[in-house]
Each structure stands twice: as structure tokens, then as C-alpha cells.
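# Structural overview
The chain contents come next:
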Amino acid sequence: SQQGEEDPQALSIQEGENATMNCSYKTSINNLQWYRQNSGRGLVHLILIRSNEREKHSGRLRVTLDTSKKSSSLLITASRAADTASYFCGLRGSNYKLTFGKGTLLTVNP
Amino acid sequence: GAGVSQSPSNKVTEKGKDVELRCDPISGHTALYWYRQRLGQGLEFLIYFQGNSAPDKSGLPSDRFSAERTGESVSTLTIQRTQQEDSAVYLCASSLGYQETQYFGPGTRLLVL
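Description of the structure in this document. The residue numbers shown here count from 1 along each chain, following its written sequence. Chains and ligands are labelled sequentially in the order written, the chains with letters from A and the ligands with numbers from 1. Per-residue local features of the predicted model are confined to residues with pLDDT of at least 70, and side-chain atom pairs are confined, for both listing and counting, to 80 or more; whole-chain, interface and lining totals are unaffected and use all residues. For side-chain calculations, the full set of non-hydrogen atoms in the structure is used, while hydrogens and water are omitted.

### Quick notes on the overall build of chain B
Note the threshold: Helix and strand definitions here come from DSSP, where helices need a minimum of 4 consecutive H or I residues and strands a minimum of 2 consecutive E residues; each element is numbered from the N-terminal end. The size measure is the radius of gyration over C-alpha atoms, and the globule rule it meets is 2.2 Å times the number of residues to the 0.38 power.
Within chain B, the secondary structure is distributed over zero helices and ten strands. Ordered by position from N to C terminus, the α and β elements of chain B give β-β-β-β-β-β-β-β-β-β. On C-alpha atoms alone, chain B measures out to a radius of gyration of 13 Å, which is about the 13 Å that the 2.2 N^0.38 rule sets for 113 residues. For chain B, the C-alpha atoms occupy an extent of roughly 35 × 25 × 25 Å along the three principal directions.

### Some points on the state of the cysteines
Residue and element names in this part refer to chain B. Where we set the bar: In this description, the term disulfide denotes a pair of cysteine sulfurs within 2.5 Å. Exposed residues in this analysis have more than 50% of their type's maximum accessible area, buried residues have under 20%, and partly exposed residues fall in between, with area computed by a 1.4 Å probe over protein chains only.
Taken as a whole and assessed by the stated rule, the structure comprises two disulfides over all chains. Residue Cys 23 pairs covalently with Cys 92 via a disulfide, S to S 1.9 Å. Looking down the S-S bond of the Cys 23 and Cys 92 bridge, the torsion is -65°, so its handedness is left-handed. Remark: Cys 92 occurs in strand S8 (residues 88-95) and Cys 23 occurs in strand S3 (residues 19-24); sequence separation between them is 69 residues. Each member of the pair Cys 23 and Cys 92 is classed as buried.

### Looking at the pattern of salt bridges
All names here are of chain A. Here is the rule we go by: We define a salt bridge as a side-chain nitrogen of Lys or Arg found within 4 Å of a carboxyl oxygen belonging to Asp or Glu.
By the definition in use, this model includes six salt bridges over all chains. Among the salt bridges present, the one from Asp 83 reaches Arg 60, with a minimum N-O distance of 2.9 Å. With Asp 83 in the loop between strand S8 (71-76) and strand S9 (85-92) and Arg 60 in the loop between strand S6 (55-58) and strand S7 (61-66), the pair connects residues that are 23 residues apart, well separated along the chain. Residue classification places Asp 83 among the buried positions, given a relative accessible area of 7%.

### Regarding unusual backbone geometry
Geometrically, the link from Asp 7 of chain A to Pro 8 of chain A is a cis peptide bond, its omega value of 0° lying close to zero. With respect to the helices and strands, Pro 8 of chain A occurs in the loop between strand S1 (5-7) and strand S2 (10-14). The omega torsion across Ser 7 of chain B and Pro 8 of chain B is -10°, close enough to zero to call that bond cis. For Pro 8 of chain B, the position within the fold is in the loop between strand S1 (5-7) and strand S2 (10-13). One non-glycine residue with positive phi stands out, namely Lys 70 of chain A, at about 50°. For Lys 70 of chain A, the position within the fold is in the loop between S7 and S8. At Ala 78 of chain A, a position not held by glycine, the phi torsion is positive, near 45°. Examined against the element boundaries, Ala 78 of chain A turns out to sit in the loop between S8 and S9. Given the relative accessible area of 39%, Ala 78 of chain A is considered partly exposed.

### Digging into the sheet that holds strand S3 (residues 19-24) of chain A
Through backbone hydrogen bonds, the strands of a sheet pair up, either in parallel or in antiparallel fashion. Residue and element names in this part refer to chain A. Applicable threshold: Two strands are counted as paired when DSSP detects at least two bridges linking them. Note on geometry: axes are lines fitted to C-alpha atoms, helical ones only across the stretch in contact, with angles between N-to-C directions running from 0 to 180 degrees.
Taken in spatial order, the five strands make up an open sheet running S1-S3-S8-S7-S6, and their pairing is antiparallel. The two strands at the open ends of the sheet, each matched to only one other strand, are S1 and S6. Taken pair by pair, the neighbouring strands of this sheet meet at an average axis angle of 15°, ignoring direction. Here six bridges tie S7 to S8, and the two strands are oriented antiparallel to one another. Bridge pairing in S8 links Leu 61 to Ile 76.

Rendered as C-alpha cells:
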């Protein structure tokens, strides 16, 4: 079944640097949603991008979607220590199911 | 307004006992989902409720797992005769419609000894 694959599995950067995470998938999607998870608890929704959109922004976050390459990227600019978390992409196909990969663990060092 | 809430936050139980996990979705959200997340893993879909339609139970790992939802409100996930491999964080999410953003609760961390 459809499952996103986040890359890299882990990323460690210094505060102030930009962080880029990628998500690849195999079959067509209706939309793609990026989430953040702190300390293995609830997921916080960041951005939803639909299949007919190519780029969306929210504050320091920028998400791109390339449906021809079946990939999406999440860029966090001017990172902060508080951005340390796991980031997941959730894939929505034609039905209601949202499938997730294993996530990217981002560590921002002060 | 209030987000998705779940209770208990943490649950420690002995192997073989039954546990019941509760989820209160955002008011007005017709869709409700349960997921399981094992340590260091992504989320596994368990079950989906949409309004008064029959739920999609295709993700439930065994017949020890069941879930109910009363109308468009509270849902309970029940695990009977718990096993150590049931230890995980159980996350509930709700959305306005099935294609919309899912909002997650803080999860229930279950530990089966």
C-alpha cells in the first residue's frame, strides 16, 4: 500500500541554518500533509499541499510538491532549537486513509 | 476552540488485562481515526469512523482490538487480553471531512508488562 518515505532519517544542524527534508511516494495522491511530532506524542499539523499545488508557505516553512517525481520537500528556514522534533509526511490518496513514513528526526543544536 | 483530547495520557497494565482508551474529537468533525505508533516507527492506521457510515476496521491488527464511536462524538478503543507487543502510543485524530486536515490528540502511551 502507499507509504511515504522521508529522507534523511536523521538530520542535525546548527541553530540559524536551514533544514530540508524530503518525502517520496509511489502512487498518485490527492494531498500531502506535513506534521511535526515532539517527544513521541501527538502530531502537530504544519502544512497541507494539494496535488494541483506546487508550493506553499507558512511562516518559516516552505513546502514544495513535484507530482511528476512523486516527491515533496519541507524547508525550515532560520532553524531554532525548538524546531527539534520528528517530521512526518502523510499521504492522502483517493480515500480517507492518511499513510505515514517513519519520519525524519531533526536536531537543531543551539 | 478545544483540540482533540485523549485519556488516559499513560496506561501501564499487566499482560492479559483489558484496556480502554478514549478519544474526544473536535466538535463538528465527522471523521475520526485511530493510529498506533510503536517506538521509533511511523503511524499505523487502525480504524476510521465517518458519520453514521460503517467504520473501516481494516487496520485493526487482531480481533482483540475493537473500537466504537457514538454518533459524531467520543470514541473508545478497546484492547482485550493485552500482549507486550501492544505497547505503543495510540493516537486519535479527527477531521472536518475525510479529505481535510487531520488534527491529532496527544496520544495515550500504553505499556504492557
